[in-house]
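As a plain string of letters, each chain reads:
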Amino acid sequence: MSDTITMQEIDAAAACIRGRISIQPKIALILGSGLGPLADEVESPAIIPTNEIPNWPLSTVQGHKGRLVIGRLMGKPILVLQGRAHYYEGYSMPRIGLPVRVMQRLGVNTVILTNAAGGINPDFSAGDLMLITDHLSLLPMTGPNPLRGPNLDEFGPRFPDMSQVYDKELLAIAQKVSDDLNLNVRRGIYVGLSGPSFETPADCRFLRLAGADAVGMSTVPEAIVARHGGLRVLGISGISNKIDINGNNVASHEEVLEAGKVIVPKLTALIKGVLARL
Ligand code: HPA
């Protein structure tokens, strides 16, 4: 697989999916680590393993199934990606963004990005949900940007604006749903890192000083690609572990997957509530 992606690659993947579905999803949902069970809520789904889609970056991580689940949720036609690929798995940033390009070609205009993240804001607890109000794009800022390479003019300009990545209206809807259901969502800034190593205490102090509330290894490339294409983005972090910036705790992938069990019911309620209002 090359580092950059082409319209031909995007369209080949889109054609493969289009030939296997009978509804046209307008909304896409990308599920983070441990959050996959949310896909079980989709009614009469068509299921496409991502290894059957050409040019698709395949997830190799435990807790990520690697399939598209396409059907209805709260009556809305939706495409759910269970098992995204990450930069640390060896894919280029543009390749990580390919699924979002393909979703757009299929007619999607709104993406809901979810992730498991470490809570770096001392007020956060494991099991909390956080609405992403903005992100710190440490990798794209400094080099590996998902838009690197020839610009795909069909989607957007060479130098796209990123002043409001996370859609204000969607944030307001999600906040209202949380208030109505007493989900007590937090709001904050997500910082996307490469991983797979977790952060050192010094990394965490640095990230907190820089304004981060939650730390993870995904979401930012997809959000940038989505905004380049003019899609509306809602981002939600499930806080899977609390980070002590003095280094008094140890992060593990098992802990992240375990926390998913507490987070999934709340996230399901939040997303269903948002879908009902779209
Ligand atoms: N750090 C980075 N990524 C993560 C974490 C973390 O503590 N938890 C879940 N994803």
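Criteria and cut-off values
- Residues numbered from 1 in each chain as written.
- Predicted model: local features only at pLDDT ≥ 70, side-chain atom pairs only at ≥ 80, totals over all residues.
- Heavy atoms only, no water.
- Near = heavy atom within 4 Å.
- Polar contact = N/O pair within 3.5 Å; in protein donor to acceptor, adjacent residues only side chain to side chain.
- Areas by Shrake-Rupley, 256 points an atom, 1.4 Å probe, with all protein chains shown as cover.
- Helix = DSSP H or I, 4+ residues; strand = E, 2+ residues; numbered from the N terminus.
- Axes fitted to C-alpha atoms, helices over the stretch in contact; angles between N-to-C directions.
- Parallel < 35°, antiparallel > 145°, perpendicular 65-115°, else oblique.
- Left-handed = near helix turned anticlockwise from the far one by under 90°.
- Contact = heavy atoms within 4.5 Å.
- Nonpolar A, V, L, I, M, F, W, Y, C, P; charged D, E, K, R; others polar.
- 1 Å grid on protein atoms, 1.4 Å probe; cavity = no way out; pocket = protein on both sides within 12 Å on 5 of 7 lines; lining within 4 Å.
- Points joined across faces, edges and corners; volume = space filled by probe spheres on them.

Chemist: What is the right way to look at the site of the ligand in this model?
Modeler: In the region of the ligand, the neighbouring residues are Ala-116, Ala-117, Gly-118, Phe-198, Glu-199, Val-215, Gly-216, Met-217, Ser-240, Asn-241, Ile-243 and Val-256. Backbone polar atom of Ala-116 to a nitrogen atom of the ligand: 3.3 Å apart, as the coordinates give it. Interatomic distance of 3.4 Å between a backbone N/O atom of Val-215 and a nitrogen atom of the ligand. Summarising the interface, the protein chains cover 95% of the accessible area of the ligand, which totals 260 Å² for the free molecule. Elements supplying a minimum of two residues to the shell around the ligand: strand 5 (110-119), strand 8 (214-216) and strand 9 (232-242).

Chemist: What is the right way to look at the packing of helix 4 (residues 168-181) against helix 7 (residues 253-276) in this model?
Modeler: Helix packing geometry: the angle between the two helix axes and the distance between the axes. The interhelical angle for the contact between helix 4 and helix 7, taken along N-to-C directions, is 120°, at an axis separation of 9 Å. By the angle class used here, helix 4 and helix 7 are oblique. Between helix 4 and helix 7 lies a crossing of right-handed hand. Each of Ile-173, Ala-174, Val-177, Ser-178 and Leu-181 in helix 4 lies in contact with helix 7, whose residues at this interface are Ala-269, Leu-270, Gly-273 and Val-274. Each residue belonging to the contact of helix 4 with helix 7 can be placed in one class, and the counts come to seven nonpolar, two polar and no charged.

Chemist: Looking at this structure, I do not really get empty space enclosed by the protein. What am I missing?
Modeler: Empty space among the atoms becomes apparent when a probe as large as a water molecule is rolled across them. Throughout the structure, instances matching the rule amount to two cavities of 30 Å³ or more. What lines the largest cavity is a set of 16 residues, and nearest its centre among them are Met-93, Leu-193, Met-217, Ser-218 and Pro-221. Contributing elements (two or more residues each) for the lining of the largest cavity: helix 2 (93-105), helix 3 (138-142) and helix 6 (220-228). Residues belonging to the lining of the largest cavity are distributed by class as follows: ten nonpolar, four polar and two charged.

Such coordinate-based values are descriptive only and should not be taken to indicate function.
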